[in-house]
Structures are given as C-alpha cells and as structure tokens.
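Here are the chains, one letter per residue:
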Amino acid sequence: MIKEKVKSYILKSVHAEKEKIRDDSLIFKEGYFDSMGFILLITHIEEEFGIKTSDEDLTEENFESINAITGFVTRKLQHSLCAE
C-alpha cells in the first residue's frame, strides 16, 4: 500500500513518459525530479503518512527511487510505532 501511494504521487508529479519510471528508477539522477520537486515530495510524504523527516533523513539513499522511498517510509512508520 505504501509503494502504491508513493508511486502514484511520483507518476502524477512528473512530466515524463510514465512507463519509463520503474520502481528502481533513480528519479533525481534521471531528471524526473529537481530540488523543488524534492521539497514537494517530502511535504507529501509527511502529510500522507503522518511522519516527520529530520535533516539526517534527507539522504540520497532514502529518496533515490520509489523502492528507496517506500523503504524509508516503512522504517519511519515502524520506528514511530516502537516509540509509542
């Protein structure tokens, strides 16, 4: 469910051929997102999943692809559940 929501947002946000974007596509290196798109992506993820990102979270590894973003959101959600 997380991956579907992330993928849906990315596909509706880019102005490229949707079929070219795979779950492992490097969305920044391949030019699908720029720095403004990154800020909007972070805002969307925080609002959609009710998580907060810290400066330490803002690494390429966490946001380079749909798979990476899905993993990041999953870890943040698990961490917030463990913290309660």
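The structure under discussion appears in the preceding block.
Predicted, not measured: the structure shown is a model, and the values here were computed from it.

A. Representation of the overall build of the protein chain. Broken down by element type, the protein chain carries 4 helices and 0 strands. Ordered by position from N to C terminus, the α and β elements of the protein chain give α-α-α-α. Its C-alpha atoms give the protein chain a radius of gyration of 12 Å, within 12% of the compact-globule value 12 Å for 84 residues. Principal axes of the C-alpha set define a box for the protein chain whose edges measure 40 × 25 × 20 Å. Taken across its 84 residues, the protein chain has 33% of its residues classed as buried. Contacts spanning at least 24 positions in sequence make up 52% of the contacts within the protein chain whose residues lie at least 6 apart. Carbon and sulfur atoms make up 54% of the accessible area of the protein chain, which totals about 5,400 Å².

B. Examining a nonpolar patch on the surface more closely. A cluster of nonpolar side chains, namely Met36, Ile39 and Leu40, defines an oily patch on the protein surface of about 290 Å² accessible area. Tracing the sequence through the fold places Ile39 in helix H2 (residues 35-49).

C. Layout of helix H1 (residues 2-13). The terminal C-alpha atoms of H1, which comprises 12 residues, lie 17 Å apart, in line with the 16 Å expected from a rise of 1.5 Å per residue. All of the buried residues along H1 are Ile2, Val6, Tyr9 and Ile10. Take H1 and look down its axis: the buried residues cluster within an arc of 95°, on one side only. Exposed side chains of H1 directed beyond 90 degrees from the buried face belong to Glu4 and Lys12.

D. Focus on the nonpolar core. Judged by nonpolar contacts, the single largest core of 19 residues is most densely connected at Ile10, Phe33, Leu41, Ile45, Ile69 and Val73. The set of elements that each furnish at least two residues to this core consists of H1, H2 and helix H4 (66-83). When near neighbours in sequence (up to four residues on either side) are disregarded, Ile69 contacts Val6, Ile10, Ile27, Leu41, Ile45, Asn62 and Phe63.

E. The pattern of salt bridges, seen in detail. By the definition in use, this model includes 7 salt bridges. Between Lys29 and Glu60 there is a salt bridge, with the nearest N and O atoms lying 3.2 Å from each other. Of this pair, Lys29 sits in the loop between H1 and H2 while Glu60 sits in helix H3 (residues 60-63), and the two are 31 residues apart along the sequence. What makes Lys29 exposed here is its relative accessible area of 63%. Each of Lys3, Lys7 and Asp23 takes part in a single network of salt bridges with overlapping partners.

So, how was this worked out
Residues numbered from 1 in each chain as written. Predicted model: local features only at pLDDT ≥ 70, side-chain atom pairs only at ≥ 80, totals over all residues. Heavy atoms only, no water. Helix = DSSP H or I, 4+ residues; strand = E, 2+ residues; numbered from the N terminus. Rg over C-alpha atoms; globule rule 2.2 N^0.38 Å. Buried < 20%, exposed > 50% of the residue type's maximum accessible area, 1.4 Å probe, protein only. Contact = heavy atoms within 4.5 Å. Areas by Shrake-Rupley, 256 points an atom, 1.4 Å probe, with all protein chains shown as cover. Patch = residues over 30% accessible without salt bridge, like charges linked within 9 Å, V, L, I, M, F, W, Y side chains within 5 Å. Salt bridge = Lys/Arg side-chain N within 4 Å of Asp/Glu carboxyl O. Expected span 1.5 Å × (residues − 1). Arc of directions from axis to C-beta. Core = buried A, V, L, I, M, F, W, Y, C linked by side-chain atoms within 4.5 Å.

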